[in-house]
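Spelled out from the first residue to the last, the chains are:
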Amino acid sequence: MGDKKVLVTGADGFIGSHLTEQLLAEGYDVRALCMYNSFNDWGWLNDVRHPRLEIVCGDVRDADFCRHITRGCSTVYHLAALIAIPYSYVAPDSYVDTNIKGTLNMCQAARDLGVERLVVTSTSEVYGTAMYVPIDEKHPRQPQSPYSATKIGADAIAKSFYNAFDLPVVIARPFNTYGPRQSARAIIPTIISQIASGKREIKVGDLTPTRDFNFVADTAAGFIALGNTPGIEGQEINIATGTEVSMKETLETIARVMGAEVSYITDEQRLRPSKSEVFRLCGDNTKITSLTDWRPRFTLEEGLRATAEWFVRPENLAKYKTDIYNR
């Protein structure tokens, strides 16, 4: 990759850490932004050591800092965000600051410093409950939570910088990513971690919604494809499998993969407000598969098996508080 360096914001998080490792494996020099804290904790990058990895700590809510970390980078993958939907109900102002203002700061930094490609992370949550399936990039936006509203706003900021200033931005819109390291507030890790800790009565929310699940390695590969493919600036592009599965079917598949007989109970605190629940998501991946060489490589069962194998290792399961619902 020559002397070109890429920047990953939110590199200490679930998808960001996998993307960082995949970029390193492909030979990139990576500057990884972790959220500043007084413990010097690098999140999921704590155990990663690589001669091509530079870790910096800071906050995308600071515009000057965003310019500082962007300097010298040819490509920027902007993943830093607050993503927990339940927490957005109680702290929406934090989501506006981080998701909208943080994206604005990164767009301004990329414009000022002449970045060759800025990949901004969106989410399938911007679509809300499907009006039709598969959901293509023209589907109406429906802000069904403060989180999704801020991601709609962040997407609009990024798109405006393309239209107004020719910023070479691409909006990556992954559907529901899962895999090792995911927060236990999400459906797949909450089921797996409870089974792995010995529970046979599993606490869940609503099991009727459907989702289009992407294994995290496929999502990371999609980001890299969108960072490298020429001529796609200004576009919003789904990263999706094009299939949907209900939460109940997902639970049953996990139990089969893990060889566990389980029952489930509804935990009220895991339910979204009725008008905020997204009941159906199934993405159209025609655009990404026609514009790039990306294809999903993992079936749901393969991905669930790899995820479960990671969670059952004692050193990994110990990082999760399976008796507490993490909002």
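The paragraphs below set out a description of the structure included in this document. Sequence positions are assigned chain by chain, starting from 1 and proceeding in written order. Side-chain atom pairs in this predicted model are given and counted only at pLDDT of 80 or more, local residue features only at pLDDT of at least 70, and totals for whole chains, interfaces and linings cover all residues. Just so you know, side-chain values use all the structure's heavy atoms and leave hydrogens and water out.

## Points about the nonpolar core
Reasoning step 1: Working definition of a nonpolar core: buried Ala, Val, Leu, Ile, Met, Phe, Trp, Tyr and Cys residues. They are joined through side-chain atoms within 4.5 Å. Categorising residues by exposure relies on relative accessible area from a 1.4 Å probe, with only protein chains included: less than 20% of the type maximum marks a residue as buried, more than 50% marks it as exposed, and the intermediate range marks it as partly exposed. In this structure, Val8, Leu19, Leu23, Val30, Tyr77, Phe223 and Leu226 are the most contacted members of the largest nonpolar core, which totals 31 residues.
Reasoning step 2: The helix and strand labels rest on DSSP assignments: H or I over at least four residues marks a helix, E over at least two residues marks a strand, and numbering proceeds from the N terminus. Put simply, the parts of the chain that give this core at least two residues each are strand S1 (5–9), helix H1 (14–25), strand S2 (29–35), strand S6 (169–174), helix H7 (216–228) and strand S11 (236–239).
Reasoning step 3: With six residues, the single largest contributor to this core is H7.
Reasoning step 4: By definition, residues are in contact when any of their heavy atoms lie within 4.5 Å. Excluding residues that lie within four positions of it along the chain, leucine 19 makes contacts with Val8, Tyr77, Leu79, Ala220, Phe223 and Ile224.
Reasoning step 5: Of all hydrophobic cores here, the second largest spans 23 residues; its members include Ala184, Ile192, Ile195 and Ala260.

## Here's the deal with helix H10 (residues 300–311)
Reasoning step 1: By this rule, a helix spans an expected 1.5 Å times one less than how many residues it contains. Its twelve residues place the ends of H10 16 Å apart at the C-alpha level, agreeing with the 16 Å of an ideal helix rising 1.5 Å per residue.
Reasoning step 2: If you check which residues of H10 are buried, you get Gly303, Leu304, Thr307, Ala308, Trp310 and Phe311. Down the axis, H10 shows its buried residues gathered within 160° of arc, on one side only.
Reasoning step 3: In this fold, the buried residues of H10 make contact with strand S7 (176–178), helix H6 (187–196), strand S10 (213–215), helix H8 (247–258) and helix H11 (314–317). The directions considered for the arc run from the helix axis to the C-beta atoms.

## Some points on the pairing of strand S8 (residues 201–204)
Reasoning step 1: Burial along S8 is one-sided: the face carrying Ile202 and Val204 is buried and the face carrying Glu201 and Lys203 is not.
Reasoning step 2: Looking at chain direction, S8 and strand S13 (residues 263–266) are connected through four bridges and run parallel. Following the sheet pairing, valine 204 is matched in S13 by threonine 266. Criterion used throughout: strands pair if DSSP finds at least two bridges between them.

## Digging into unusual backbone geometry
Reasoning step 1: With an omega dihedral of -5°, the bond running from valine 133 to proline 134 counts as a cis peptide bond.
Reasoning step 2: When you line up the elements, proline 134 lands in the loop between strand S5 (117–121) and helix H5 (146–165).

## A few points about the sheet that holds S2
Reasoning step 1: Here we have seven strands laid out as an open sheet, ordered S3-S2-S1-S4-S5-S6-S11, and parallel in their pairing. Bordering the open sheet on either side are strand S3 (53–58) and S11, each of which pairs with just one other strand. Ignoring strand direction, the axes of neighbouring strands in this sheet form an average angle of 20°.
Reasoning step 2: Relative to S5, strand S4 (residues 73–78) is paired through four bridges, and the arrangement is parallel. Bridging across to S5, threonine 75 finds its partner in arginine 117. Comment: axis = line fitted to C-alpha atoms, over the contacting stretch for helices; angle = value between 0 and 180 degrees taken between N-to-C directions.

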